Amino acid sequence: MERDSCPPHAMPYEFTRMVTMRDGITLATDVYLPEENYCGPILIERTPYNRRGVSGSEICLESGVSLTRVELARWFCARGYGVVMQDVRGRHGSEGIFSKYINEADDGFDSYAWIVEQPWCDGRICSMGLSYGGHTQLAAACATAPGLSAMFLDTGGLLDAYEHSVRYGGAFELKQLTWAFKHARQHALDQGDGEAVTYLESLDLAEEVLKADWQRGKSPLAVVPEYEAYLLDLWEQETARPEWLGAATCADRWIDRIPDVPVFLLGSWNDPYAQSMNILFKEMSQRFSCPVQLLMGPWLHGRRNQSHAGAADFGATALLNNLTGRSFPELRLAWFDFALGKTGRPWQSENVYFEMGGGDWSRRHSGHLDVSGRWLSSPTALTAPEERVFYPDEKGVLKTPVDLSITEVSSRAYSLTVRPDNPFRSIGGAITSGAPIMEGGMFLYSGKADPDSPFNRQDILVFETAPLTEDLVISGTAFLDCQACSDALDFDLAVFLFEKRDLGESGDFSAVNITDGIQRARFADSARKGLALSPGEKINLQVRLMTTAYRLKKGSKLLLLLTGANFPRFDVNTGTGRSMPAETGDWKSEIGTTLADIKLKIETKEGVPLFHL
């Protein structure tokens, strides 16, 4: 696809309308039509990132250059589709105040209702968009927006915003901070406020979080008050308010209202929406008579034509265009043509996923680690994975019940001491919007011979299996169950899984992170509603790890690491029973936690090798 240098409205059948919402606010809406008297299906993308701007995920394969949404719309027009690109409320050309996520169901419904009444629409609307563009799609679908005929949902859609985007196990996702910082800086730049831009660029955000001075009007984002208010409104609210349970932000409650239309779900394992994409696939497959397609790659958020995630490289076969034989616009075009009855179904399997792992960890020419992997398919949407359970024996070796005799069952309690002012640092994972303080993906970590290795920290507990006698596949979601008590009013339990490989006779090792999760103790039981613990109170914890698909090689070990933080991916637990923005007193200097009855559960299944779609 060549770059299109024509500015908006330089083509014959393009125009802008300010579309009125139910409360009188108008949204800037660009319309692109293949011909003057066109009346046919309309593709729509609703975005907060500029309806005419560059989309970083829309990469031209020939040039490697990111396309604008104008160029993308014209590409679809040249292939017979009308296109609508719209700025969401309060962004760029649209009126109103931008309240992240909240308005997208009502505004989506009203926008679709306007489109189907236009002479250039035949009553059929197909939605598309990545990330926030996926959120707007699912929100409109949950609101039963008129005309919806097909969806291409790309790594987004808020199944439960508070559980999958704002908080995770009760811990606050600091991607909301980095998102606010990025857009506050851009806002200051657009306003010509050079002083604010210079100040924001000078900040070390991770260190600013640890300073704990996040009161309104005093925080580092106070120079751009609207973004400070956005961030602190989220951070201070530890449980979902009623408006967060609506169709825009909690599709889990509204999924029965989604129209039965063909849906393509595109997701990736090194992405925070991996679990929600798989849940959506299962729920839609159970409810819909229309086809539902799931495709899960190994990529970072939206990086579907990049073969690496962090330091891990999965090989050229991992690229979406190499799998499908199509560019990303061509893939969507094929799906919409099929959904609207123009062509037959392009794929035989409804569930295609990339199983990471199996590589030798050598360095490729690019400098990335050879982790490798392969494309697989599941026989049916509802194939249930098997469950493997591991317990630590008296020596801390993880064993399955088959390998663990009654005399080896450990009744030992493990002590863990952490310092909130020196939290365990994030080590990759399913991260998006992390810059400048964290990076997503998989990385190779040195063993104890490296003084900077995370395995040399004193605030960790480590368990591992014996060398595996056969490959071990983690395919689905892992959980860590335990009983815990603490000397603090609150604490976090962060859990990481690694593949560990010993390095010969040196006794040292290296390890690659596979998945992770966290649970804040005050929110382990929803009935507690976030109330502080009593020191010494025993509670049952279950930590849900991010959904993934990874194969550990025979001879390696599964390593389990437990600690008290995953920073700066999540905020720090101060041990006081209060959230960070509300914390005006001293943090607890140390948090001591005791863990017992530790049990690791992983889901595993074998897929069918897939060579082409």
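Just above sits the structure.
Since the model is a prediction, treat every value here as computed from it, not as a measurement.

### Re the overall build of the protein chain
What the protein chain contains, in helices and strands, is eleven helices and 31 strands. Against the compact-globule benchmark of 25 Å for 613 residues, the protein chain has a radius of gyration of 25 Å, which places it among compact chains. Considered along the principal axes of its C-alpha atoms, the protein chain spans approximately 80 × 55 × 45 Å. Expressed as a percentage of its 613 residues, the buried residues of the protein chain come to 61%. Within the protein chain, counting contacts between residues at least 6 apart in sequence, those at least 24 apart form 74% of the total. Split by element, the accessible area of the protein chain, about 23600 Å² in all, is 48% carbon and sulfur.

### Quick look at the side chain of Thr604
Topologically, Thr604 is positioned in strand 30 (residues 591–604). Under the relative-accessibility criterion, Thr604 is labelled buried at 11%. Within the structure, Thr604 has its side chain in polar contact with the backbone oxygen of Val473 (distance 2.5 Å). The contacts of Thr604, once residues within four sequence positions are left out, are Pro385, Glu386, Arg388, Val473 and Ser475.

### Overview of helix 5 (residues 175–190)
When the terminal C-alpha atoms of helix 5 are compared, their 22 Å separation across 16 residues agrees well with the 22 Å that a helix rising 1.5 Å per residue should span. Lys175, Gln176, Leu177, Thr178, Trp179, Ala180, Phe181, His183, Ala184 and Ala188 are the residues of helix 5 that are buried. In this fold, the buried residues of helix 5 make contact with helix 4 (161–166), strand 10 (171–172), helix 6 (194–202), helix 7 (205–211) and helix 8 (225–236). Directly beyond the C-terminal end of helix 5, a positive phi value near 70° is found at Gly192.

### As for the packing of aromatic side chains
Think of a pair of aromatic rings as described by two things: how far the centres are apart, and how the planes are tilted against each other in angle. Scanning the model with the defined rule gives 26 aromatic pairs in all. Seen in terms of ring centroids, Phe314 and Phe354 are 6.0 Å apart; in terms of plane orientation they differ by 70°. Their pairing is edge-to-face. With Phe314 in the loop between strand 14 (312–313) and helix 10 (320–324) and Phe354 in strand 15 (residues 351–357), this residue pair connects regions lying 40 residues apart in the sequence. Through pairs of rings, three or more aromatic residues link up here, namely Tyr49, Phe98, Tyr101, Tyr132, Tyr162, Trp179, Tyr227, Tyr230 and Trp244. Between Arg91 and the ring centre of Phe98, over which it is positioned, the NZ or CZ distance is 5.3 Å. It is Arg544 that lies over the ring of Tyr168; its NZ or CZ is 4.4 Å from the centre.

### Some thoughts on the nonpolar core
In this structure, Trp120, Leu265, Leu480, Leu497 and Leu562 are the most contacted members of the largest nonpolar core, which totals 169 residues. Of all the elements, helix 11 (residues 328–339) adds the most residues to this core, at seven residues. The contact partners of Leu497, leaving out residues within four places of it in the chain, are Ile474, Ala478, Val512, Asn513, Ile514, Thr515, Leu545, Leu558, Leu559, Leu560, Leu600 and Ile602. Ala430, Ala494, Phe498 and Met546 belong to the second-largest nonpolar core, a separate cluster that totals 20 residues.

### Concerning the environment of Gly373
Along the chain, Gly373 turns up in strand 17 (residues 373–377). A C-alpha to C-alpha distance of 8.2 Å links Gly373 and Tyr550, two positions 177 residues apart in sequence. The contacts of Gly373, once residues within four sequence positions are left out, are Phe314, Phe354, Glu355, Met356 and Gly357.

### Here's the deal with the pattern of salt bridges
A complete count under the given rule lists 44 salt bridges for this structure. The partner of Arg425 in a salt bridge is Glu207, and the shortest N-O contact between them spans 3.8 Å. Residue Arg425 is located in the loop between strand 20 (414–418) and strand 21 (444–446), and its partner Glu207 is located in helix 7; the two are separated by 218 residues in the primary sequence. According to the relative accessible area criterion, Arg425 is partly exposed, its value standing at 33%. The class for Glu207 is partly exposed, based on a relative accessible area of 36%. Notably, a salt bridge pairs Glu236 with Arg216, separated by 3.0 Å at the nearest N-O pair. One end of the pair, Glu236, is in helix 8; the other, Arg216, is in the loop between helix 7 and helix 8, with 20 residues separating them in the sequence. The class for Arg216 is partly exposed, based on a relative accessible area of 42%. Residues joined in a network through salt bridges with shared partners are Glu355, Arg374, Asp471, Arg551 and Glu606.

### Re the sheet that holds strand 13 (residues 308–309)
The strand order 13-14-16 describes an open sheet built from three strands, whose pairing is mixed. In this open sheet, the two strands that pair with only one neighbour each are strand 13 and strand 16 (369–370). Of the strand pairs in this sheet, strand 14 and strand 16 are connected by two bridges, and their pairing is parallel. Bridging across to strand 16, Ala312 finds its partner in Leu369.

### A short note on the state of the cysteines
In protein chemistry, a disulfide is the covalent bond that joins the sulfur atoms of two cysteines. Counting across every chain of the model gives zero disulfides. Cys142 takes part in no disulfide bond, and the closest cysteine sulfur, belonging to Cys250, lies 9.0 Å away. In this structure Cys290 is a free cysteine whose sulfur lies 12 Å from that of Cys126, the closest cysteine sulfur available.

### A look at the pairing of strand 18 (residues 386–392)
Pairing analysis gives five bridges linking strand 18 to strand 30, with the strands arranged antiparallel. Looking at strand 30, one finds that Glu386 is bridged to Thr604. Relative to strand 19 (residues 397–399), strand 18 is paired through two bridges, and the arrangement is antiparallel. The partner of Pro392 across the bridge, within strand 19, is Leu398.

### Side note on the layout of surface pockets
In this model, the second largest pocket occupies a volume close to 570 Å³. Residue lining of the second largest pocket: 26 residues in total, with Glu163, Gly169, Gly170, Phe523 and Ser526 positioned closest to the centre. Secondary-structure elements contributing two or more residues to the lining of the second largest pocket are helix 4, strand 9 (167–168), strand 26 (509–520) and strand 27 (539–544). In terms of residues, the lining of the second largest pocket owes the most to one element, strand 27, which gives three residues.

### Focus: the packing of helix 2 (residues 104–116) against helix 3 (residues 132–142)
Orientation of helix 2 relative to helix 3, taken along the N-to-C sense of each, is 75°, at an axis distance of 8 Å. On the basis of the axis angle, helix 2 is roughly perpendicular to helix 3. On helix 3, the residues that touch Glu104, Ala105, Gly108 and Tyr112 of helix 2 are Tyr132, Thr136, Ala139 and Ala140.

Criteria and thresholds
- Residues numbered from 1 in each chain as written.
- Predicted model: local features only at pLDDT ≥ 70, side-chain atom pairs only at ≥ 80, totals over all residues.
- Heavy atoms only, no water.
- Helix = DSSP H or I, 4+ residues; strand = E, 2+ residues; numbered from the N terminus.
- Rg over C-alpha atoms; globule rule 2.2 N^0.38 Å.
- Buried < 20%, exposed > 50% of the residue type's maximum accessible area, 1.4 Å probe, protein only.
- Contact = heavy atoms within 4.5 Å.
- Areas by Shrake-Rupley, 256 points an atom, 1.4 Å probe, with all protein chains shown as cover.
- Polar contact = N/O pair within 3.5 Å; in protein donor to acceptor, adjacent residues only side chain to side chain.
- Expected span 1.5 Å × (residues − 1).
- Phe/Tyr/Trp six-rings, centres within 6.5 Å; stacked < 30°, edge-to-face > 60°.
- Lys NZ or Arg CZ within 6 Å of the ring centre and 35° of its normal.
- Core = buried A, V, L, I, M, F, W, Y, C linked by side-chain atoms within 4.5 Å.
- Salt bridge = Lys/Arg side-chain N within 4 Å of Asp/Glu carboxyl O.
- Pairing = 2+ DSSP bridges.
- Disulfide = S-S within 2.5 Å.
- 1 Å grid on protein atoms, 1.4 Å probe; cavity = no way out; pocket = protein on both sides within 12 Å on 5 of 7 lines; lining within 4 Å.
- Points joined across faces, edges and corners; volume = space filled by probe spheres on them.
- Axes fitted to C-alpha atoms, helices over the stretch in contact; angles between N-to-C directions.
- Parallel < 35°, antiparallel > 145°, perpendicular 65-115°, else oblique.

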